[in-house]
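Residue strings, one per chain:
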Amino acid sequence: MTRSALLFLPSFVVLGILTGPAAIAQDTPFTFSFVEHDMPNVNAATLAWGDYDGDGDLDLYLAGATGQGVEGGLYRNDEGTFVDAGAGLPALAFGGAAWADVDLDGDLDLALAGSTTRLSPYAREFALFRNDGGTFTDIAEGLSGLVGASLAWADYDGDGDLDLVATGSASDAAPHVPSTRLYENQDGRLVESATGVANVMFGVSVWGDVDGSGTPDLLVSGFGEDGPVTRLYRNDAGQFNEIETDLPPITFGGASWGDIDGDGDLDLALSRAQINARDVFEGDTQIFSNDGVQFAPAAESTPLTDVFGGSVNLADYTNDGALDLLALGGQSFRRPYAGRIYQNDGGALDLDILLVGLLRSRNAWGDFDNDGDLDLVSTGLSSRSSMTTNVYRNDRTTLPDDVRPDAPSGLQARVGTAGDGQGVELSWTPPSASVSANLNVSYEVEVRGADGRLVRSVGPAVGFARHAPGTTAPRLALRGLDAGTYTWTVRTLSAAQVASVEAASGTFTVGTATNAETDVPTSLHVFEAAPSPFVDAVRVGVALPEAGALRVAVYSVLGQEVAVLTESVHAAGRHSLTWDGSNAAAGVYFVVADALGQRVVESIVKR
């Protein structure tokens, strides 16, 4: 395409038609610029953003196949320049990378899976690197390696720490053996748990609360034991039961959850390969609307560019509170390759930006320059078959009004023994009563000692679960705290990672005897039930900021009232209630507390 031909394109941003090395930007509120870097150009990449050194900016693990082998590693972000951190982490291709604070010590650990070779037979690896002040130690304890891997963290069992799902091939060469593994986090150790989930490889695994129960459900897709599959599983008290859907099998593609239409539940974006009448691979990109956990193709205001051999990724790059769509991959096996960003306008996705198209591609959003908007890294093969790593800086010339989200409220801390030291569970109330407003937010927590020194700083890359608003309060567990008094606060982070002001700070004390039953909160609060999950009876703690009438009832997921635990006047402070649920069916229930004109809802799970 000639430069003069560009003049006839619509007035959205053009970034490198197919493989153009320079950005040609028109006068729009949102533009992207290429960022020079010294990281390797790769395809079949393994990559993930995470602030491993706790300095407040996002660092990047990036590795993949080159013409000579597999290259890459961990790159430290020094004011927007990416420098090899010399961390000694393996460079892996055809894999997955996922950051999480596995041991709850306040810094990010890293799970990695993939191959150290670019050609078959592969050299499979699977590792969990504990981060101790920037020094990484593999604590995976002999986990069997995976290639064609996907990794994703979520607290599936509701115990306050993050668990891991891993999919991929458990063999180095054909015939490949698909494998899906669920690892429960037991005090920072990964212990494999039986799931009954379909085995897949060279696909994706993504968590999302599709039924609004407050627990993460699981979608896995890829090549299964009998061909391509896409399977969705409901999380019922840590047990995974398949949800029958008409979702197409995903091969050489990707999937991303998000509330695209703003109706309060998670929709699904996917891309995949399909074989046309000429027996040639071509792409397919679709949006599936969630209607009561029934998924149907959404009407498209603008036809989406069909891609495969890449990924789709939902993120709010425009900072307007709605999730936009990035689709990256090949349109057909014989080219061309495509990179498209669609802006979400009231649930309709309209083509807004063209990026360099890449096959065998991976991408990840992250605000690496800390200017309040999402930047992007993408990798893959260009249409000239050259391996490419592009870093895009989001240079917005106009800021939408009111981009800053509201702050959380109702901060609560519950102190107890956790693991080998003192621990605390921090919880808070989401900033909005709107379901759709909170589906895509995350949180950032800071904890300071009595001397004002920063003790823990926990951000979104740690993997805060996205809780269903109105069903359960967000919470964070911390372990290994020294005895003393601490002050803490929390900020809301929008889907574009724009931070709210700090919530009013809270305090807690560990290592001294206190009577939690007499603690007086600043607002109505329902504590996490114990035991959780439960079999027969369950205890629920409710705290009142002042004396008043209190009604606490238990409801099923269908909204039916199952039991009333109390309906009388109570003094200020914490009160312990018990529900005998021995005759109730297994599943998710909701404890609803009403007092002083406030309502708080907490989910409980019966096995």
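Conventions we followed
- Residues numbered from 1 in each chain as written.
- Predicted model: local features only at pLDDT ≥ 70, side-chain atom pairs only at ≥ 80, totals over all residues.
- Heavy atoms only, no water.
- Helix = DSSP H or I, 4+ residues; strand = E, 2+ residues; numbered from the N terminus.
- Contact = heavy atoms within 4.5 Å.
- Areas by Shrake-Rupley, 256 points an atom, 1.4 Å probe, with all protein chains shown as cover.
- Buried < 20%, exposed > 50% of the residue type's maximum accessible area, 1.4 Å probe, protein only.
- Pairing = 2+ DSSP bridges.
- Phe/Tyr/Trp six-rings, centres within 6.5 Å; stacked < 30°, edge-to-face > 60°.
- Axes fitted to C-alpha atoms, helices over the stretch in contact; angles between N-to-C directions.

Trainee: Looking at this model, I keep getting lost on the overall build of the protein. Mind explaining?
Mentor: Helix and strand content of the protein: one helix and 44 strands. The long-range share in the protein, meaning contacts at least 24 apart out of those at least 6 apart in sequence, stands at 53%. Carbon and sulfur atoms form 47% of the exposed surface of the protein, whose accessible area is close to 24,100 Å².

Trainee: Explanation requested: the pairing of strand 44 (residues 598–606) in the structure shown.
Mentor: As a general feature of sheets, a regular strand has side chains that alternate between the two faces. Counting buried positions along strand 44 yields seven of nine residues, so the element is predominantly enclosed. Hairpin connection between strand 43 (residues 587–595) and strand 44: a loop of two residues separates the two successive antiparallel strands, and leucine 596 in this loop has a positive phi of roughly 55°.

Trainee: Would you take a moment to explain the packing of aromatic side chains for this structure?
Mentor: The description of two aromatic rings rests on the distance between their centres and on the angle between their planes. Under the counting rule described, the total for this entry stands at 20 aromatic pairs. With a centroid separation of 5.6 Å and 70° between ring planes, the pair formed by phenylalanine 126 and tyrosine 183 is classed as edge-to-face. Linking phenylalanine 126 in strand 10 (residues 124–132) with tyrosine 183 in strand 14 (residues 178–186), this pair joins segments that are 57 residues apart in sequence. When sorted by exposure, phenylalanine 126 lands in the same class as tyrosine 183, which is buried.

Trainee: Got a minute to help me understand the environment of alanine 503 in this structure?
Mentor: Assignment of secondary structure puts alanine 503 in the loop between strand 36 (484–493) and strand 37 (506–510). Between the alpha carbons of alanine 503 and proline 408 there is a distance of 5.7 Å; along the sequence they are 95 residues apart. The residues contacting alanine 503, other than those within four sequence positions of it, are Ala407, Pro408, Leu411, Thr489 and Val490.

Trainee: I'm lost on the sheet that holds strand 10 in this one. Help?
Mentor: Sheet strands pair by backbone hydrogen bonding; their relative direction is either parallel or antiparallel. Spatial ordering of the open sheet is given by 8-9-10-11, a layout of four strands whose pairing is antiparallel. A single partner strand is all that each edge strand has here, and the edge strands are strand 8 (93–100) and strand 11 (135–138). Looking at each pair of strands side by side, their axes are set apart by 25° on average, direction ignored. When strand 8 meets strand 9 (residues 109–115), the two strands line up antiparallel, connected through six bridges. For tryptophan 99, the partnering residue across the bridge sits in strand 9 and is leucine 110.

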